[in-house]
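Report on the structure
Here's the letter readout for the chains.
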Amino acid sequence: MEKKKKENVFRKLARWTVRGLMGPKYEEKWFGKKEHEEKAVKYKNGVPDDSELIVSPARQIFQRFMERKFAVIAVFVVIAMFLIVFIGPYFMPKYYDAFTETTQVDLPPTMSFMAVPNELKNDIKSIDSYGSFSVGLSNAGKVYMWGVTRLGASGMDASHMPEEMSTKKIAFVAAGQDHCIAIAEDGTYYGWGSNRFGQIARTPETEANPNLELIPEEVENGQLDASQIKKVTCGYQASAILMKDGTLYIWGNKQTYANLDKFIGRKNIVDIDFTLNNVVGIDTKQTTVVTGVKGLYNMVRPNITAKATKISEYLNGRKITEIRTTSKNLCLLLDDGSICFAGDFEKDVVDIPPLEEGEKFVDIESGTYHYSGLTNKGNVYSFGGDHYYQSKVPSSVHNNAAKIYAGSFQSYAVDSNSKLIDKWGLKGYLFGTDGAGADIFERTIAGGKVTMTVGAIAVIIEIIIGVSIGLLSGYFGGWLDILLMRIAEVFSSIPLYPFMLILSSLLTQVALTQNQRLYMIMVILGVLGWPGFAYITRAQILVARESEYVTAAQAMGVKETRIAFKHILPNIISVILVNMTLSFAASMQTETSLSFLGFGVNYPQPSWGNMLTRASNATAAINFWWQWLFTSAILVFTTVCINTIGDTLRDVMDPKSSNDK
Amino acid sequence: MGRYILKRLLYMILVFFLLTFVLFCLYQMMPENRAYTDAKGAMAAYKHLPKEQQEAKFQELYLQYQRQYGTDTDNKVVLYLRWLGLYPFYDGHRSGIFTGDFGYSYEHAAPVVQVVGPHIRNSMLIGLFTEIAVLGITIPLGIKCAVKKGQRFDRSVQFLSLIGFSTPSFIIYILFIVFFCSILHLFPVSGMKTPGSTLTGFANVLDVLWHIALPTICLVFGSLASITRICRASMIDALSLDCIRTARAKGLKEKAVVYSHAWRNAIIPMVAIIVGGFFGIISGAMILETMFGFKGMGLLFISSVRTADYDMIMFLEVIYTFIGLFSNLVIDLTYGIVDPRVRISK
C-alpha cells in the first residue's frame, strides 16, 4: 500500500487559508488537487477505505469554519489587531500617556505640515511657523500658507489673507500660534488670523482690554520703512517688529508675556525672540540676555547636558550676535561661531553633534522645541527637542545648505539658489490630535492595548472562576450544587453598572497607580461576569453525564478522571470557546462604556472608551469629528470581527445547523 | 403555587439582605463623615470661645451629631441594622428603611423619596415608549428572519444586527446626536422641555414629546440588534422542533404553523428578555441619560456617585436590587403561564 505523504503544517495552513479566503478554485490552482478528492479513491484490500473520510469533530469544526469566508477574514483581522495593539507600542518609543502639547491641540487629520507649495519650492525667501500652519514668502513677494489653518471650535481660518495683499510685494512675513503678520515693501502692514488678544489690529474690544498691548499706530498705518526692518517675528499671542536702528515695536497679550512691558519703546535692541512666557532680546551691548526680569537666563552652557556657568564668565569678551528661542530655553550664537544655551531642557532631547574641524555656526533657527544650526561648510545640525523626530537631519542637506528656516516642529534647508533641498520634522497626524495635543493614532494603539488587555484578562478570570464552580457544581451535585448555584444567582442578580460605578468610585478613594487601577477593573469585571460560564459548564456536564458514551465508558470501567478529562472536557471546551469569544467582545464593550462614563480607565491612560468622552457633547462631536470617528470605527470593527468568530464557531459546532445548509 | 411563591419570596428577602449588607459595607469604606462636617460647620457659632473650650465644644458637637446620625459606633452590623430601622439610635428611637425613612439627600436638600419620584417618572416615560417600539420591531423582524433563514433578507438583517450588537450603545448615541442634532438640527440636544417656556395643554405635550423623541430613538436603536438576534435564534430553535414538522405534515397553513405553533415555543426563552425589559425601565438608561442630560434614574445615580450622595446611592441601590430580584420572580412565574410544561408548584 502506498503510504500517503503527510502535508507540512504550514503548507496545510496556507492551503486552508486560500480555500477560506479565495475559494476552492484557487486552492486547486496553487496547491494541486483538493485534499478530499485524493482520499476518496483509496482502497484497502479491494474494499474502499473510508476510515480517512471519518474526521474527528475538531477537524470537522475546523473544516467547516474555514469554509466561512467572513469568519476567516475576521480571524485574521482580530489577530492583526492584537499584533498591532501589542507590538505597535514598541514602534512608538516617544509615546507616553500624559503627553500634552498646547500648540497642537484639536488638529484634524492631515499630512500637510511640510507640504511646501510647488510655486514656492524654487523661490524661497523665508518660512515661518509657530503652531499648526506655516507661512512662506517667495522672492517674488508672494505669501503661501500650508498646514492646518482652520483652528479651534470657532472654525476660524487663518488662511484668509487680506485680499489687497496679492497686489503688493511682501517683504516680511511671520506666523504666530493663530495669527500672521506681513509687511509689504512699501511699508504697508497686514495682519490676519485671530485678533482675540490684539495680535494683529486695533479694535474696540482690544482697546477695552487692559491686559493687551495695542499695536503701535505707526506700524498699523504703514509708516515703517520696509528697507530698514531687520526682523519680523511672532510669539504665541504677540508680535514684534525690529528695525535695523534698534527700535522695537512689540504688541500682543501681556498676560502670556509678563515681561512684554519691559520691551515697549526700546531703541537699543539687536535681536529679539519669544519663549512660551517671556520676551527675550539682546541689546546693543551684546553681552547679556535682556529679559527685564532679574536672574532670568543669566546662566549658560556650551551644550545641552553641560553644567551652566555665569553668562559673563562664559562669554569672556565674546559678543552675542543672535538669539533664538524654543518654548523653555534659548540658544545664543556668539561672534566666534560657537553657540550656547540658557534655560531648562526637557527629556527626550538630542545634543549638538561634534562639529568638523574649522566648522562654525553661521545661523541658528528655532522651532517650538528644537534648533537647527547652519555652519559655514553648508551643513545643518538639528538639536534640542526630538519628540517628533525634528532633530533628525536627512543626509541630502550635507554640505550644500545656504539658508535654513525652522518653525514649530519642522526645519527646511534651502540652497544658494533659494531652492528647497529638504525638509524634516513633523509631517502631520493620521488621525488628528486630541484636546491635549496628543496624536490620536498613537493613543488609539495604546488605548487598544488597554481595552483588549482588560477584555482578555476579564474573560480569563470569568472562565477560571465560572468553569471551576460549574465543574464542582455539575460533577458533585447535591447540596454543593445547590449552594454554588445560589451564589451564582446572587452574583447574576447584582445590577452590573450601578455596582461597577460604586466600586470604581471607591477605587478613586484608594491611592492606586494607573496599572493597579487597571488590574482592579479587570478583576471586578471578571468577578461580576462569571455566573454565565458556571451555568454553561454545569449544564454541559449534566448533559454529558447522562449521555450514552459516558455510561458506556463507565460500564467499561474507565477511570473517573479519565472520563472527566477525555470524554467530558472536550465537549465543554467547545462551548466555552464560543462563549469566551462573545464574552471577550462584551467585556471590551463594558470597559469602553465605563471608561466613557469616566468610571473605568481614567485619563491620561488611554482606552478606546475614554478617548471618546469628548464626543458626548454634540458641538464637540461635530467640530472634532476625528476625535471619535476613527477610534470608535476601530472599536466597532474589532468587536464585529470577534463576534463574527463567535457566531461562526457556534454555527459550525451545532450539529443541527449542517442539515439546514 | 402559593408555597412556591412563598419560598421564592423568602429566598428573595435573604438575598436582598445579603446584597444590601455587602453594598452597605462597601459604602462604609467611603471616607465620608457627615457628623464631622456638620460639627465643623456648627463650630462657626463658637468662634469667640478660647481655644481649649472650642476643642471641647467641638468634641461635644461631634458626639451629638454622631448620635443623631447613628454613627457613634464602628460596628458594621449595628450600623446596618440602624439603616434598616431595626436597631435603636442613641436616644432610643428607630428610623430606617423599614420605618419609611429612606434617608436625606444632601445634594438635593430633600428626602430621597421626593427626589427619586420625578426621575422615575421621566425614566418610565421614555422607557415605556422604547420598550413598546423595540418589541414591536424586533419580534416581527426576528420571526421573519427565522422563517426566511439563509435568504438574502435574513442575511442582511443578520449582518446589520451583528454590527449593531457589536457597537457599544454610546457610539450609536454619538452617531444619532451628530446626525440629528448637529447636521439636521431636527431635535434639541438635551432637556425635557424648551427652557423658560410656559406652554400648557397640548402644546406642552408636543414640546415634551419633541424633546424626548431623540433619546427614545437612540434607546430603541441601541437595543434593537441584540433582541432581534435572540428572537431569531429562539424562533429558529422552535421551527426545528418535531411538532412543527408534524404540524406541517398535517397540512396546516404556514401562518398557523409559524405564529401559533412555533411562536408559542419561541416565546419561552423570550420571556426573560421581555419581562426584564419592562422592569429595566425603572432603572433608567445610565449612559443615554448622561449624554442627553435627561433627568432620569440613570443620571440621578451617576450624579449621586460623583457627588458621593450617600443616602441617595443606597436608596437607588435598594431599588435596583429589589427590581432585579422581583423581576426574576416574575420571570419564573411567567414561565409557568407561558409554558404549560413548567410546573412551579413543586
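Source: prediction; values computed, not measured.

1. Quick word on the overall build of chain B
Check the secondary structure of chain B and you find 13 helices and two strands. In terms of overall dimensions, chain B is more spread out than a globule: its C-alpha atoms have a radius of gyration of 26 Å, far above the 20 Å expected for 346 residues. Across its three principal axes, chain B shows a C-alpha extent of roughly 95 × 60 × 40 Å. Expressed as a percentage of contacts within chain B between residues at least 6 apart in sequence, the contacts between residues at least 24 apart total 65%. Entry remark: accessible area of chain B is about 17,900 Å², with carbon and sulfur atoms responsible for 65%. Distance between charge centres in chain B, computed from 32 positive and 22 negative side chains, equals 15 Å.

2. Side note on the interface of chain A and chain B
Listed per partner, the contact involves 39 residues of chain A and 41 residues of chain B. Surface buried jointly by chain A and chain B totals about 3,600 Å² across both partners, of which 76% is contributed by carbon and sulfur atoms. Ranking the residues of chain A by area buried against chain B places Ile502(A), Leu506(A) and Leu597(A) at the top, with a combined share of 15%. The interface formed by chain A and chain B includes one salt bridge. With a shortest N-O distance of 2.9 Å, Asp647(A) and Arg229(B) are connected by a salt bridge. At the surface where chain A touches chain B, the tally comes to eight residue pairs in polar contact (both at pLDDT 80 or more). With 10 residues, the top contributor of residues to the side of chain A that touches chain B is helix α18 (residues 626–653) of chain A. In terms of residue class, the side of chain A that touches chain B is made up of 22 nonpolar, 12 polar and five charged.

3. Focus: the domain arrangement of chain A
Residue and element names in this part refer to chain A. When cut into domains, chain A gives domain 1 (2–65) and domain 2 (73–96 + 439–652). The centre of domain 1, based on its C-alpha atoms, is set 35 Å off from the matching centre of domain 2. Each partner contributes residues to the interface: domain 1 has five residues there, and domain 2 has eight residues. In total, domain 1 and domain 2 occlude about 580 Å² of area from one another, counting both sides; carbon and sulfur atoms represent 82% of this.

4. Some words on the sheet that holds strand β13 (residues 238–243) of chain A
Residue and element names in this part refer to chain A. On the basis of which strands lie adjacent, the open sheet formed by four strands has the order β11-β14-β13-β12 and antiparallel pairing. Each having just a single partner strand, β11 (212–213) and β12 (229–234) make up the two edges of the open sheet. Both β12 and β13 contribute to a ladder of five bridges, which runs antiparallel. Within the sheet, the bridge partner assigned to Lys231 lies in β13 and is Leu242.

5. A look at the side chain of Ser234(B)
All names here are of chain B. Within the secondary structure, Ser234 sits in helix α8 (residues 201–239). There is a polar contact of 3.1 Å between the side chain of Ser234 and the backbone oxygen of Cys231. When sequence neighbours within four positions are dropped, the list of residues in contact with Ser234 reads Ala266, Pro269 and Met270.

6. As for the state of the cysteines
All names here are of chain A. This structure, assessed with the given rule, holds zero disulfides over all chains. Free of any disulfide, Cys234 has its nearest cysteine sulfur in Cys180, 6.9 Å distant. When its relative accessible area of 5% is taken as the criterion, Cys234 is described as buried. The thiol of Cys331 is unpaired, and the distance to the nearest cysteine sulfur, on Cys340, comes to 7.0 Å.

7. Some thoughts on α8(B)
For α8(B), spanning 39 residues, the distance from its first C-alpha to its last is only 49 Å, which falls clearly below the expected 57 Å at 1.5 Å a residue. The largest bend along α8(B) reaches roughly 40 degrees and is located at Leu224(B).

8. Let's talk about the pattern of salt bridges
Residues and elements named next belong to chain A. Inspection of every chain in the model, using the stated rule, returns 26 salt bridges over all chains. A salt bridge links Lys254 to Asp261; the shortest N-O distance between them is 3.6 Å. The structure contains a network of salt bridges with shared partners spanning Lys231, Asp271, Glu322, Arg324 and Glu365.

Quick notes on the rules
Residues numbered from 1 in each chain as written. Chains lettered and ligands numbered in written order. Predicted model: local features only at pLDDT ≥ 70, side-chain atom pairs only at ≥ 80, totals over all residues. Heavy atoms only, no water. Helix = DSSP H or I, 4+ residues; strand = E, 2+ residues; numbered from the N terminus. Rg over C-alpha atoms; globule rule 2.2 N^0.38 Å. Contact = heavy atoms within 4.5 Å. Areas by Shrake-Rupley, 256 points an atom, 1.4 Å probe, with all protein chains shown as cover. Lys, Arg positive; Asp, Glu negative; His and termini not counted. Charge placed at Lys NZ, Arg CZ, Asp CG, Glu CD. Buried area = accessible area lost by both parts, 1.4 Å probe. Salt bridge = Lys/Arg side-chain N within 4 Å of Asp/Glu carboxyl O. Polar contact = N/O pair within 3.5 Å; in protein donor to acceptor, adjacent residues only side chain to side chain. Nonpolar A, V, L, I, M, F, W, Y, C, P; charged D, E, K, R; others polar. Domains from an automatic or database assignment. Pairing = 2+ DSSP bridges. Disulfide = S-S within 2.5 Å. Buried < 20%, exposed > 50% of the residue type's maximum accessible area, 1.4 Å probe, protein only. Expected span 1.5 Å × (residues − 1). Bend = angle between axes of the 7 residues up to and from the residue.

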